[in-house]
Amino acid sequence: MRFDRRGLLKTLTALPVIGGLLAILSPLLRYLKPNDGPYQLPLTDQDRPQGGAQVVGKTTSLQKPWDFFYFTYVQQYAQYDATGFKKANIAGVAVRLPKKVKFALPPELGGFVGYPGETDIVLFQRICPHLGCIFNFIPDWHEVTAGYGGYVPPDWERHSLMACPCHLSIYDPAFPDKPGNVISGPAPRGARYFRYEIRGEDIVVTGAEEGGIA
Amino acid sequence: MDAVLADLKEWLQDRKQHLDLFDETKTARLDNPLYTLGGLVWLSWMIVIVSGVILMLWYIPTTTGAYQSIMHITYDIPLGWLARGMHKYGADMLITCITLRIYRMYFAGEYKKPGELSWMILFASLVLGMISGITGYLLIWNQRAFWAAKTVLTVPTYYDEIPLVKNTGLGHAIAYIFLGGPAVAQAAITRFYAIHLGISVLLVILAEVFFYRTRRRRLNLSLFTVALVIVFMTWLSFDRLTEMGRWANPNRTPLPILSDWYFLALYQLVKYMPPLWAGIAPALLIGYGMAVPFLDRTKETRALERPFFFVVGLLALAYFIGFTVLIMLNIAVISRDPPVIFAVTVVVLTLAFIWEMAHRRRKRLAAQQAKPAPPGRPAPGAAPAG
């Protein structure tokens with residue numbers, strides 16, 4: 001490609017034209033994604049689902065180790081249709097572990113931590129951090145080996161596990177320092193957390209880690 | 001610069017002259033059933049469009065009404081089963097015919113000059129057909145539909161891991177635009193409905209412009225073939241009532257869960273790969289498909305005369321069938337399979353490359369032997385035949 005005088009002038013004229021087109025088109029894209037201000041399409045600040053504090057269950061239903069229950073944490077979010085705000089359910093599971101664990105602070109979570117201290121009651125979002133299916137709590141690990149792709153856990157992980165029906169990722173709720181970490185399958189990380197407190201007998205969820213499609 | 005543009009224009013003009021999308025009149029092999037595929041693509045596409053419009057008369061595109069309305073269409077409304085069956089099986093046939101035609105064009109070397117543009121359009125239509133398929137089967141709002149939509153649109157969120165776009169949130173923006181928010185809900189049905197219809201509407205307009213400008217035939221099949229297809233599909237719709245599945249439940253993913261058949265191989269691949277790669281791999285496959293006419297520069301059309309591309313095609317076919325079988329049997333040992341598959345791929349491609357080199361060398365030697373003595377000193381008598 002030659003860069004003579006004419007080519008240079010053409011390029012210089014094209015730049016503001018392209019810029020102007022982008023300036024006109026960018027707000028038009030808000031028709032598709034109305035929650036953001038003009039010129040900031042990819043930022044999703046307005047799209048954050050909000051939940052607040054909700055009591056999701058009682059510690060009394062988790063008496064023995066490996067007792068668990070499922071719950072849903074309800075969030076509000078702005079859906080792009082005529083009806084406005086919608087509820088999004090985040091499926092969750094609460095488990096009593098045989099011994100206390102501490103949530104580590106992995107840098108990728110941006111300081112989000114499930115529970116501030118040591119605890120033997122852990123909560124996870126059941127939305128698979130891989131591609132968003134709902135994974136199950138499997139009380140007996142043999143079932144993981146039979147139905148979820150033939151994974152055989154090592155000796156120290158032969159207890160209740162969590163496994164996803166879609167792409168067969170397997171999570172260990174009692175993984176040391178990183179509860180819910182992925183131990184097999186294509187998931188790039190462990191299960192997402194809730195931020196929660198235990199007030200008397202109530203388990204109160206105060207927030208949910210972001211990033212998934214509900 | 002201008003010269004490049006002029007070349008490109010000439011190239012496009014020339015390929016447009018030889019565009020063979022539906023009628024297959026550019027080949028002289030009309031007695032071969034594989035050369036009815038172009039006509040069958042158009043026929044099944046029209047069946048899908050007509051039955052789709054009929055379905056729209058009763059379909060309710062809401063999370064609460066969709067499943068019920070389709071149940072109603074299938075079981076209560078007179079001939080509703082026929083409209084739904086034709087739509088579903090017509091779509092299956094459309095995808096099947098496009099896929100078979102792609103393999104035919106690949107192995108018969110029909111993507112070579114002047115067929116490049118036909119090949120690229122056909123390949124793009126497979127992609128659009130699959131998008132049409134996935135947006136279409138969400139509309140039923142059953143479990144299969146819900147989880148397919150959710151997993152497929154979680155894939156773009158991983159684009160946010162690519163270094164350059166990391167902090168822009170572009171990947172999430174793509175997912176939100178298609179779903180109409182951070183969850184699969186009402187807005188997703190509305191948008192998928194629009195995309196599902198929109199793809200066919202736009203393509204029909206383009207196809208009609210093509211027919212108008214080139215005076216090509218729409219349906220180059222005998223009346224008997226057309227009747228046979230329609231009778232067969234009617235019988236299929238009657239005999240095999242299209243499945244309903246279970247109502248979508250966002251809080252429970254069934255085990256096992258499968259997608260529609262043409263996504264199964266991709267689905268198995270996603271089990272084996274890190275999710276970012278699962279988003280990039282299909283793009284690479286599409287890119288390879290689109291670029292094949294420009295990668296394979298030989299003039300040979302016979303498969304065995306271009307061994308490397310022949311083996312790549314065979315490998316793609318083997319993986320498509322193999323992965324589909326594996327996922328239907330729900331076999332995937334994620335710690336064991338990927339290295340094996342990777343090793344097999346590398347070995348097979350290397351062997352194919354060696355075969356290609358050996359073949360070229362053999363041909364070169366044969367050509368040298370066939371060549372008469374150096375020019376300037378013409379050999380007396382006839383040149384030896386090669």
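Small disclaimer: the values here were computed from a predicted structure and weren't measured.

**Student:** Looking at this structure, how should I read the overall build of chain A?
**Tutor:** Looking only at helices and strands, one finds 2 helices and 10 strands in chain A. Relative to its full complement of 214 residues, chain A shows a buried share of 49%. Summing over all exposed atoms, chain A offers an accessible surface of approximately 10,500 Å²; the carbon and sulfur share of this is 59%.

**Student:** It is not clear to me how the overall build of chain B should be interpreted in this structure. Could you clarify?
**Tutor:** Looking only at helices and strands, chain B has 13 helices and 0 strands in total. Taken over the C-alpha atoms alone, chain B extends approximately 90 × 55 × 50 Å along its principal axes. When burial is assessed residue by residue, chain B has 45% of its 386 residues classed as buried. Restricting the contact set of chain B to residue pairs at least 6 apart, pairs at least 24 apart contribute 76%. Total accessible area computed for chain B in this model is approximately 20,600 Å², and 71% of it derives from carbon and sulfur atoms. Across chain B, the mean location of the 36 positive side-chain charges is 4 Å away from that of the 23 negative side-chain charges.

**Student:** When you look at the pairing of strand β4 (residues 118-125) of chain A in this model, what are you seeing that I'm missing?
**Tutor:** Residues and elements named next belong to chain A. Burial within β4 is extensive, with 7 of its 8 residues counted as buried. As judged from the 7 bridges shared by strand β3 (residues 85-102) and β4, these two strands associate in the antiparallel manner. If you follow Val 93 over to β4, its bridge partner there is Phe 124.

**Student:** Please explain the sheet that holds strand β8 (residues 181-184) of chain A as it appears in this structure.
**Tutor:** Where strands meet in a sheet, backbone hydrogen bonds hold them as pairs that are either parallel or antiparallel. Residues and elements named next belong to chain A. Strand order in the open sheet formed by 4 strands is β5-β6-β7-β8, and the pairing between neighbours is antiparallel. Only two strands of the sheet have a single neighbouring strand rather than two, namely β5 (136-138) and β8. Recorded for the sheet is a direction-independent mean angle of 40 degrees between the axes of neighbouring strands. The pairing of strand β6 (residues 161-163) with strand β7 (residues 170-172) spans 2 bridges and is antiparallel. Bridging from a neighbouring strand, Ala 163 pairs with Ile 170 of β7.

**Student:** I tried to follow the pattern of salt bridges on my own but got confused; where do I start?
**Tutor:** Any two side chains of opposite charge can pair, given that their charged atoms come close. Inspection of the entire model under this criterion finds 23 salt bridges over all chains. Put simply, Lys 58 of chain A and Asp 202 of chain A hold a salt bridge, and the shortest N to O gap is 2.6 Å. Remark: Asp 202 of chain A occurs in strand β10 (residues 202-208) and Lys 58 of chain A occurs in strand β1 (residues 54-58); sequence separation between them is 144 residues. The class of Lys 58 of chain A is partly exposed, set by a relative accessible area of 40%. Counted as one network, the salt bridges with shared partners bring together Lys 88, Asp 92, Arg 144 and Asp 260 of chain B.

**Student:** Is there a simple way to think about the state of the cysteines in this case?
**Tutor:** In a disulfide, the sulfur atoms of two cysteines are covalently bonded to one another. All names here are of chain A. Across all of its chains, the model carries 1 disulfide over all chains by this definition. Through a disulfide, Cys 133 is tied to Cys 166; the S-S separation comes to 2.0 Å. Of note, the bridge from Cys 133 to Cys 166 carries an S-S torsion of about -80 degrees and is left-handed in sense. Residue Cys 133 is found in the loop between β4 and β5, and its partner Cys 166 is found in the loop between β6 and β7; the two are separated by 33 residues along the sequence. The exposure class assigned to Cys 166 is buried, which follows from its relative accessible area of 2%. Left unpaired, Cys 164 is separated from the closest cysteine sulfur, that of Cys 128, by 3.8 Å.

Calculation criteria
- Residues numbered from 1 in each chain as written.
- Chains lettered and ligands numbered in written order.
- Predicted model: local features only at pLDDT ≥ 70, side-chain atom pairs only at ≥ 80, totals over all residues.
- Heavy atoms only, no water.
- Helix = DSSP H or I, 4+ residues; strand = E, 2+ residues; numbered from the N terminus.
- Buried < 20%, exposed > 50% of the residue type's maximum accessible area, 1.4 Å probe, protein only.
- Areas by Shrake-Rupley, 256 points an atom, 1.4 Å probe, with all protein chains shown as cover.
- Contact = heavy atoms within 4.5 Å.
- Lys, Arg positive; Asp, Glu negative; His and termini not counted.
- Charge placed at Lys NZ, Arg CZ, Asp CG, Glu CD.
- Pairing = 2+ DSSP bridges.
- Axes fitted to C-alpha atoms, helices over the stretch in contact; angles between N-to-C directions.
- Salt bridge = Lys/Arg side-chain N within 4 Å of Asp/Glu carboxyl O.
- Disulfide = S-S within 2.5 Å.

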